[in-house]
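Chain and residue survey
Chain by chain, the residues run as shown.
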Amino acid sequence: MIGNTDFYQSVELSDRLAVNGARPVVYIKREDQNDGYTFKSRAIQSELERLSGVESPVVLAAITDGNLGYAGALLCSAYTDRKFASIVDKGMPERTKRLLRRSGSYVVETDHNDHQMSSSEVVELVRHRVPAGTRVVPVGNIDADGSGYKTLAKELYNDGVRRDWTVCLPVGGGELLYNLVAGFEEIGEVPRFLAGTTSRNVFGEKKPGEFSGDDKLAAPFALLHDAVVEKIKRYGIPIVTPTYGQREEEFLYMKSRGIRTSRTSATALAAARQFKFSDGQNVAFINTGYEPEETQSFARNLVRYAAGLLAVSMLVPIDVHNNFTTNKMIEIHRTTAEYMRNWDKSEILLKPERAMIKAFAEYTGGSEEKTVGILDRQILNNDAIERDIYKNNPS
């Protein structure tokens, strides 16, 4: 599911932002609930819908520090001829690159932090890594018309956010801030904004000696720079630059309160803690996303792909398997994937093999007890499963 994410009052965050008896009323918007775990899924879905009439295979390509790549790969997996390519800096942590590959994304490494890459450079980098005949679509200026991100403004307005509210969010390339403001402008009810970023961001305050290897807001360039600056000046939007230590403190705090979040989202909370709100002031905090742990990323993809494709090749008798057409295999893949979207996520993450059994048994009308015996013998080796799932992705 993408969009219509939960919006509710958070007593914990209200207490967190209280200063000298002045306690704001804080609401949280849970963008981590989108498929792909991030607000960026809204823009990717919009782009995929725009390309729905294109018959040739398509690879969406974008420069990313992680979340855009996870979301892109996950959403593209719903299509048989759509893939995502993540262009990353060579200095990206190996763990993040490994997560991107396991999510189903092509990973193309380059020294992109030394200049602002053009769309043509993006296409040239990626087209040599994808099959011949594939159309490469650069989405660096993703959601240029705001059709994806502006839905968030509409939802916040429908949830009661008005001009006397303050909306807190992190700022990287500025696309979300720009389109949120533009969305409220179209509605005719622009609230106040408070943005948090890091010292390695083009909009941030430079702080000598500040460094973190896990900074997804680091952005020396921004395609929408001038347009974002215009919005910042027009509405007097404060851009606060907390330290990495302050960001880490808020990240750990939100995790301890059961909020599925990321250090990027925590930057906005760290910024808000440096801002004095009036007593009873309404504040909307946008939890922009969640970066999955490596084990969860692997389990989710193991279930989504293995349940459809490996079930056919490993659990169906060979004489029956030979009669399966490609379209039939795709149908099974999509059907089992749909089952998985509706299950309790704890079952998928903690018991991926059991989830696979359930998916296959439900589709075929068989019993889980009969299926589990075959499964125990054939797919105890997760390394073999991983090779089958990701064998078409570049290493």
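Before going into details, it helps to say that this report is about the structure given with it. Quantities reported herein were computed from a predicted structural model and do not represent experimental measurements.

Attention now moves to the nonpolar core. Counting residues in each nonpolar core, the largest one holds 29 residues, and the members touching the most others are L156, V161, L177, L180, F184 and F193. Among the elements of the structure, β2 (25–30), α6 (150–158), β7 (166–170), α7 (175–187), β8 (192–196), α8 (225–235) and β10 (282–287) are those that each provide at least two residues to this core. The greatest single-element share of this core, amounting to 5 residues, is contributed by α7. Look past the residues within four positions of L177 in its chain and what remains in contact with it is L169, V171, F193, V228, I232 and I237. L13, L194, V240 and Y253 belong to the second largest nonpolar core, which has 19 residues in total.

Every buried residue of α6 is listed here: K150, L152, A153, E155 and L156. In this fold, the buried residues of α6 make contact with β1 (7–9), β2, α2 (40–50), α7 and β10.

With mixed pairing, the 6 strands of this open sheet are ordered in space as β1-β2-β10-β7-β8-β9. Strand pairing shows two members of the sheet lacking a second neighbour, β1 and β9 (239–240), which therefore form its edges. Pairing of β7 with β10, which is carried by 3 bridges, proceeds in the parallel orientation. Of the residues in β10, the one forming a bridge with C168 is F285.

Let us now look at the environment of A62. Positionally, A62 belongs in strand β3 (residues 58–63). Since its relative accessible area comes to 1%, A62 is described here as buried. Separated by 77 residues in sequence, A62 and V139 place their C-alpha atoms 5.3 Å apart. Not counting chain neighbours up to four residues away, the residues in contact with A62 comprise L68, F84, A85, S86, I87 and V139.

What follows deals with the pairing of β10. Within β10, 5 of the 6 residues are buried, leaving the element largely enclosed by the surrounding structure. Both β2 and β10 contribute to a ladder of 6 bridges, which runs parallel. Counted as the bridge partner of I28 is F285 from β10.

Time to look at the side chain of S262. In this fold, S262 is placed in the loop between α9 (244–256) and α10 (263–272). At a separation of 3.2 Å, a polar atom in the side chain of S262 contacts the main-chain amide nitrogen of S265. Discounting chain neighbours no more than four positions away, the residues touching S262 are F251, G289, Y290 and E291.

Next up on the list: the pattern of salt bridges. Considering all chains together, one arrives at 21 salt bridges under this definition. Of the charged contacts in the structure, one is a salt bridge between R260 and D32, with a shortest N-O distance of 3.3 Å. Here R260 is found in the loop between α9 and α10, whereas its partner D32 is found in the loop between β2 and α2, with 228 residues between them in sequence. Take D32: its relative accessible area is 1%, and that puts it in the buried class. E47 is the partner of R50 in a salt bridge, and the nearest nitrogen-oxygen pair spans 2.6 Å. Of this pair, R50 and E47 both sit in helix α2, separated by 3 residues, roughly a single helical turn. Since its relative accessible area comes to 13%, E47 is described here as buried.

Okay, the pairing of β7 next. Most of β7 is tucked away, with 5 of its 5 residues classed as buried. Of the two faces of β7, the one carrying T166, C168 and P170 and the one carrying V167 and L169 are both buried. In this fold, the crossover linking β7 to β8 by way of α7 has right-handed handedness.

What follows is about the sheet that holds β3. An order of β5-β4-β3-β6 is seen for the 4 strands of this open sheet, with the pairing classed as parallel. Two strands bound the open sheet, and with one partner strand each, they are β5 (106–110) and β6 (135–138). Adjacent strand axes in the sheet meet at a mean angle of 25°, parallel and antiparallel pairs treated alike. In this structure, β3 lies alongside strand β4 (residues 82–89), joined through 6 bridges in parallel fashion. In the sheet register, V58 faces β4, and the bridge partner there is R82. Strand contacts of α2: β3, β4 and β6, with the helix running at about 145° to β3, the strand carrying the most contacts. Against the sheet, helix α4 (residues 94–102) contacts β4 and β5, and its axis sits at roughly 145° relative to β5.

Another point: the packing of aromatic side chains. For the structure on display, the rule yields 7 aromatic pairs. Taken together, F7, Y27 and W165 form an aromatic cluster joined through their ring pairs. For the cation-ring pair, K83 lies above Y106, with the distance from its terminal atom to the ring centre recorded as 5.4 Å. Positioned above the aromatic ring of Y157 is the side chain of R162, whose terminal nitrogen or guanidinium carbon lies 3.8 Å from the ring centre.

At a minimum axis distance of 8 Å, the contact between α9 and α10 shows a crossing angle of 105°. As summarised for this structure, α9 and α10 are arranged roughly perpendicular, according to the angle between their axes. Contacts between α9 and α10 involve Q246, R247, E248, E250, F251 and M254 on the former and, on the latter, R263, S265, A266, T267, L269 and A270. In the contact of α9 with α10, the residues fall into 5 nonpolar, 3 polar and 4 charged.

Rules used throughout
Per chain, residue numbering runs from 1 following the sequence as it is written. Since the coordinates come from a predicted model, pLDDT governs what is reported: local features require at least 70, and pairs of side-chain atoms require 80 or more to be given and counted, while whole-chain, interface and lining totals use all residues. Hydrogen atoms and water are omitted, and side-chain values are computed over all heavy atoms in the structure. Put simply, a nonpolar core is a bunch of buried Ala, Val, Leu, Ile, Met, Phe, Trp, Tyr and Cys residues held in one set by side-chain atoms that sit within 4.5 Å of each other. Three exposure classes are used, based on accessible area relative to the maximum for each residue type with a 1.4 Å probe and protein chains only: buried under 20%, partly exposed in between, and exposed over 50%. For the purposes of this entry, the term helix denotes a DSSP run of H or I that reaches at least four residues, the term strand denotes a run of E that reaches at least two, and both are numbered from the N terminus. Whether two residues touch is decided by their heavy atoms; if any such pair falls within 4.5 Å, the residues are in contact. Note on pairing: two strands pair once DSSP finds at least 2 bridges between them. N or O atoms closer than or at 3.5 Å make up a polar contact, with two conditions inside protein: a donor-capable atom paired with an acceptor-capable one, and, for residues adjacent in sequence, both atoms drawn from side chains. Salt bridges are counted wherever a side-chain nitrogen of Lys or Arg sits within 4 Å of a carboxyl oxygen of Asp or Glu. The handedness of a crossover follows from its direction of travel: if, with the strands pointing away from the viewer, the path from the first strand over the helix to the second runs clockwise, the crossover is right-handed. Inter-axis angles, ranging from 0 to 180 degrees, are taken between N-to-C directions of lines fitted to C-alpha atoms, where helices are fitted over the stretch in contact. Under the pairing criterion, centres of Phe, Tyr and Trp rings, with the six-membered ring standing for Trp, must be within 6.5 Å; the plane angle then separates stacked pairs below 30 degrees from edge-to-face pairs above 60, leaving the rest tilted. For a lysine, the NZ atom is tested; for an arginine, the CZ atom; a charge sits over a ring if that atom is within 6 Å of the ring centre and within 35 degrees of the ring normal. Relative orientations are named as follows: roughly parallel for angles under 35 degrees, roughly antiparallel for angles over 145 degrees, roughly perpendicular for angles from 65 to 115 degrees, and oblique for any other angle. For this scheme, ten residues count as nonpolar: Ala, Val, Leu, Ile, Met, Phe, Trp, Tyr, Cys and Pro. Four count as charged, namely Asp, Glu, Lys and Arg, and the remainder, Gly too, count as polar.

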